[in-house]
Amino acid sequence: MRRLLVLAAVLVVAVLLQSTVLAGLRLAGVRPDLLVLAVVAVAMASDATTGAAFGFATGLVADLLFDLPVGVSALVYTATGFAVGTVRVYVTSHRPLVHLVLAGAASLASAWCCGLLLRVFDLSTWAAVVRAGPLVALFNLLLTPLVYPVVWALTERVPARPAQRW
Amino acid sequence: MYERPRRARTVLALLLAAAIVLITIDFRQPDGGPTDRLQRLAIAVFGPLQRGASAVASPVGDLFGGVAELAGLRRENRRLEAEVARLRAQERTYADVLGENRRLRGALGMAKRCGCRTVGASVVASSGSNFQLSVTVDAGSRQGVKRDMAVVDADGLVGRVTQVTADYATVLLVTDPSSGIAATLARGKAPGIVKGSGAQLLSFQPVRAGTAVRRGDPVVTQAYQGSVFPAGLPIGVVERVDPAGAASLVPRVAVRPYAALGALDVVAIVVERPAPPVRGS
């Protein structure tokens, strides 16, 4: 229960920051995607199931609030959360560089997937999609050292219930 | 932490399926469908939070903005010096420029002269997505705001209302790639559509081939049947014209919007367009 509350708090704060503080931080028409960073951090600090579920919830709120076709971000963030949660088993290194690369790659992939879906629905242009990916990844790399440790610490402090078997 | 991979895969499959179902519902539903109601709920819940966060965060955002701008200040200074020199040279033609300005304003039919009833609103948040250019404003159905109403700032058209709750509304900006607005050239009244491109410039697509468009032509909104969109709201000014050629029948026209879309704070929503003049009076 406490874990659910912590994850919900992370979600709400990330969405608020994304739509207020970060909305003004535009370079070349693109802003960082704090939400995908939160999804990556939660998935890294927990597991694939939590990552996917947190990704779905975050994406759904983003879709509803940011006037996107409902389900698009949910789809992309679910896949991102699951992928990161699966990969984390193989990431044994504690070197920050590894985590930076992972966060950057996840940002690039999610921005491009999201853009691709919107392009398919004719809601965006190829030029905007192609440009957004690397720029979002770059901004997120700058933001990662600020966001990642906070979310990580919060999520890890309240671990999931010990595995129950029945 | 131990995790059973099969359970994780089941959860993933369920969530992905749910997302795809949501996308399908969202595209097929009429106005007021299930995801529409969800969306209104989300805006109603997050609206007040966003307003609070905006109030706290705006100085922080300004600080970041200020640091980012520092690098450009030196160049800006040089540019301004050059501009002062140029303006001094132009001073002698000031009277002519003033006259032209007045004529231009007359042609535009500024929002003031439109005589529309408007509702003022502040921008409380902007879309966090990189692919959707929209803002949330703090006026909703309680203030008489409805879908598809025109939103303007002091300089020109900002966008169109796409979602309304009791106290908040979402406005799709004219620069969004999915935005399309009926428009005419203020000079010559050639009809067309103004579309967003995701970048700063809009594109004006004339309906008729052979429409003559010149750089500097103002573009204004056009009223259409059954909408509250008033005619003659200034949208922008033609900045570049690629003449019709082998690639397209109509000229490609880039339009620079008048509205300060990068730094919106206060907007007005046109809730009622002026009554048509009574015949015979």
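Bear in mind that the values here come from a model prediction, so they are computed numbers and not experimental data.

1. Examining the environment of Gly85(A)
All names here are of chain A.
- Along the polypeptide, Gly 85 turns up in helix H4 (residues 72-87).
- A residue is classified by how much of its surface remains accessible, and Gly 85, at 3% relative accessible area, is buried.
- Taking the C-alpha atoms as reference, Gly 85 lies 3.7 Å from Ala 48; in sequence the two are 37 residues apart.
- Ignoring any residue separated from it by four or fewer positions in sequence, one finds Gly 85 in contact with Ala 43, Asp 47 and Ala 48.

2. Some points on the interface of chain B and chain A
- Listed by partner, the interface residues are 47 residues for chain B and 51 residues for chain A.
- Of the roughly 4,300 Å² buried between chain B and chain A, counting both surfaces, carbon and sulfur atoms make up 70%.
- Linking chain B with chain A are 10 residue pairs in polar contact (both at pLDDT 80 or more).
- Listed by contribution, the elements that provide at least two residues to the side of chain B that touches chain A are helix H1 (5-28), helix H2 (34-90), strand E1 (117-126) and strand E5 (169-173) of chain B.
- When residues of the side of chain B that touches chain A are assigned to their parent elements, the largest contribution, 14 residues, is made by H1(B).
- Of the residues belonging to the side of chain B that touches chain A, the class tally is 27 nonpolar, 15 polar and five charged.

3. Considering H4(A)
- Here H4(A) spans 23 Å end to end across 16 residues, near enough to the 22 Å set by a 1.5 Å rise per residue.
- Among the 16 residues of H4(A), 12 are classified as buried, and the element is accordingly described as predominantly covered.
- Along H4(A), the residues classified as buried are Val72(A), Ser73(A), Ala74(A), Leu75(A), Val76(A), Tyr77(A), Thr78(A), Thr80(A), Gly81(A), Phe82(A), Val84(A) and Gly85(A).
- Packing partners of the buried residues in H4(A) comprise helix H2 (34-45), helix H3 (48-65) and helix H5 (96-120) of chain A together with H1 of chain B.

4. Considering the confidence of the model for chain A
- Residues of chain A with pLDDT of at least 70 account for 93%, and the chain-wide mean is 83.
- Confidence, expressed as mean pLDDT per element, reaches its minimum in chain A at helix H6 (residues 126-157) of chain A with 83 and its maximum at H4(A) with 91.

5. Things to note about the pattern of salt bridges
Residues and elements named next belong to chain B.
- Here the structure, examined in full by the defined rule, presents eight salt bridges over all chains.
- Between Arg 51 and Asp 138 there is a salt bridge, with its nearest N and O atoms 3.0 Å apart. Separated by 87 residues along the polypeptide, Arg 51 in helix H2 and Asp 138 in the loop between strand E2 (134-137) and strand E3 (150-152) bring together distant segments of the chain.
- With a closest N to O distance of 2.8 Å, Glu 239 and Arg 256 form a salt bridge. Linking Glu 239 in strand E10 (residues 234-242) with Arg 256 in strand E11 (residues 252-257), this pair joins segments that are 17 residues apart in sequence.
- Of the residues examined, Glu 239 reaches a relative accessible area of 28% and is grouped as partly exposed.
- In this structure, a network of salt bridges that share partners links the residues Asp 36, Arg 40 and Arg 147.

6. Things to note about the pairing of strand E4 (residues 157-164) of chain B
Residues and elements named next belong to chain B.
- With eight of eight residues buried, E4 is to be regarded as a mostly interior element.
- The pairing of E3 with E4 spans three bridges and is antiparallel. Residue pairing across strands places Val 152 opposite Leu 157, the latter belonging to E4.
- The loop that links E3 with its antiparallel partner E4 comprises four residues.
- Pairing of E4 with E5, which is carried by five bridges, proceeds in the antiparallel orientation. Bridge pairing in E5 places Gly 159 opposite Leu 173.
- The antiparallel pairing of E4 with E5 creates a hairpin that spans four residues between the two strands.

7. Some thoughts on the state of the cysteines
Residues and elements named next belong to chain A.
- In this structure the tally under the stated criterion is zero disulfides over all chains.
- Left without a disulfide partner, Cys 113 is nearest to the cysteine sulfur of Cys 114, which lies 8.3 Å away.
- Taking the relative accessible area as the measure of exposure, Cys 113 reaches 41% and is therefore partly exposed.
- In this structure Cys 114 comes out as buried when scored by relative accessible area, which is 8%.

8. Digging into the packing of aromatic side chains
- As enumerated under the stated definition, the model contains one aromatic pair over all chains in all.
- Seen from their ring centres, Phe121(A) and Phe27(B) are 4.5 Å apart, and the 40° between their planes marks the pair as tilted. Of this pair, Phe121(A) sits in the loop between H5 and H6 while Phe27(B) sits in helix H1, each in a different chain.
- Under the relative-accessibility criterion, Phe121(A) is labelled partly exposed at 26%.

9. Brief notes about unusual backbone geometry
- Backbone geometry places Asp67(A), a non-glycine residue, at a positive phi of 65°.
- Locating Asp67(A) in the fold gives a position in the loop between H3 and H4.
- Positioned with a positive phi, Asp148(B) is a non-glycine residue whose angle comes to about 70°.
- Counting through the fold element by element, Asp148(B) comes out in the loop between E2 and E3.
- By relative accessible area, Asp148(B) is classed as partly exposed at 36%.

10. A word on the pairing of strand E12 (residues 266-272) of chain B
Residue and element names in this part refer to chain B.
- For E12, a buried count of five out of seven residues is recorded, marking the element as mostly surrounded by other parts of the structure.
- As defined by bridge partners, E1 adjoins E12 across six bridges and the pair is classed as antiparallel. Bridge pairing links Ala 121 to Val 267 in E12.

11. With respect to H1(B)
- For H1(B), which comprises 24 residues, the first-to-last C-alpha distance of 35 Å matches the rise-based estimate of 34 Å (1.5 Å per residue) to within 8%.
- Listed as buried for H1(B) are Ala8(B), Leu12(B), Leu15(B), Ala19(B), Leu22(B), Ile23(B) and Asp26(B).

Parameters and conventions
Residues numbered from 1 in each chain as written. Chains lettered and ligands numbered in written order. Predicted model: local features only at pLDDT ≥ 70, side-chain atom pairs only at ≥ 80, totals over all residues. Heavy atoms only, no water. Helix = DSSP H or I, 4+ residues; strand = E, 2+ residues; numbered from the N terminus. Buried < 20%, exposed > 50% of the residue type's maximum accessible area, 1.4 Å probe, protein only. Contact = heavy atoms within 4.5 Å. Buried area = accessible area lost by both parts, 1.4 Å probe. Polar contact = N/O pair within 3.5 Å; in protein donor to acceptor, adjacent residues only side chain to side chain. Nonpolar A, V, L, I, M, F, W, Y, C, P; charged D, E, K, R; others polar. Expected span 1.5 Å × (residues − 1). pLDDT = per-residue confidence, 0-100. Salt bridge = Lys/Arg side-chain N within 4 Å of Asp/Glu carboxyl O. Pairing = 2+ DSSP bridges. Disulfide = S-S within 2.5 Å. Phe/Tyr/Trp six-rings, centres within 6.5 Å; stacked < 30°, edge-to-face > 60°.

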